[in-house]
Amino acid sequence: MIEEAITIVAVIGVSAAAVWYAKNKFQPEIERNLARIEKPAVEVQELAHKKKDHK
């Protein structure tokens, strides 16, 4: 019973550590990619607003 509880806690701990590691490892790359996507989207929105203002 105690061994099972220890195993469960260990598995949860290892899973949490893996998630934390992956998040820290890939976070900068994810943020760079999001910035690359968001910037053109904002520019398109600004252009759309400018065209509306000219009409």
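A brief look at the structure comes next. (Residues numbered from 1 in each chain as written. Predicted model: local features only at pLDDT ≥ 70, side-chain atom pairs only at ≥ 80, totals over all residues. Heavy atoms only, no water.)

## A look at the overall build of the protein
Of the regular secondary structure elements, the protein holds one helix and zero strands. Against the globule reference of 10 Å for 55 residues, the protein gives a C-alpha radius of gyration of 23 Å, more extended than a compact globule. Overall size of the protein, expressed as C-alpha extent along the three principal axes, is 75 × 20 × 5 Å. Out of the 55 residues belonging to the protein, those deemed buried represent 0%. Summed over its atoms, the accessible surface of the protein is roughly 5400 Å², and 68% of this surface lies on carbon and sulfur atoms. The centroid of the 9 positive side-chain charges in the protein is displaced by 14 Å from the centroid of its 8 negative side-chain charges. (Helix = DSSP H or I, 4+ residues; strand = E, 2+ residues; numbered from the N terminus. Rg over C-alpha atoms; globule rule 2.2 N^0.38 Å. Buried < 20%, exposed > 50% of the residue type's maximum accessible area, 1.4 Å probe, protein only. Areas by Shrake-Rupley, 256 points an atom, 1.4 Å probe, with all protein chains shown as cover. Lys, Arg positive; Asp, Glu negative; His and termini not counted. Charge placed at Lys NZ, Arg CZ, Asp CG, Glu CD.)

## Describing the environment of Trp20
Tracing the chain through its elements places Trp20 in helix α1 (residues 2-54). Distance in space between the C-alpha atoms of Trp20 and Leu47 is 39 Å, their sequence separation being 27 residues.

## Overview of a nonpolar patch on the surface
A cluster of nonpolar residues, Phe26, Ile30, Leu34 and Ile37, forms a patch on the protein surface that exposes about 380 Å² of accessible area. Mapping Phe26 onto the fold places it in helix α1. Among the residues examined, Phe26 registers a relative accessible area of 40% and is labelled partly exposed. (Patch = residues over 30% accessible without salt bridge, like charges linked within 9 Å, V, L, I, M, F, W, Y side chains within 5 Å. Salt bridge = Lys/Arg side-chain N within 4 Å of Asp/Glu carboxyl O.)

By themselves, these are just geometric observations and shouldn't be taken as functional.
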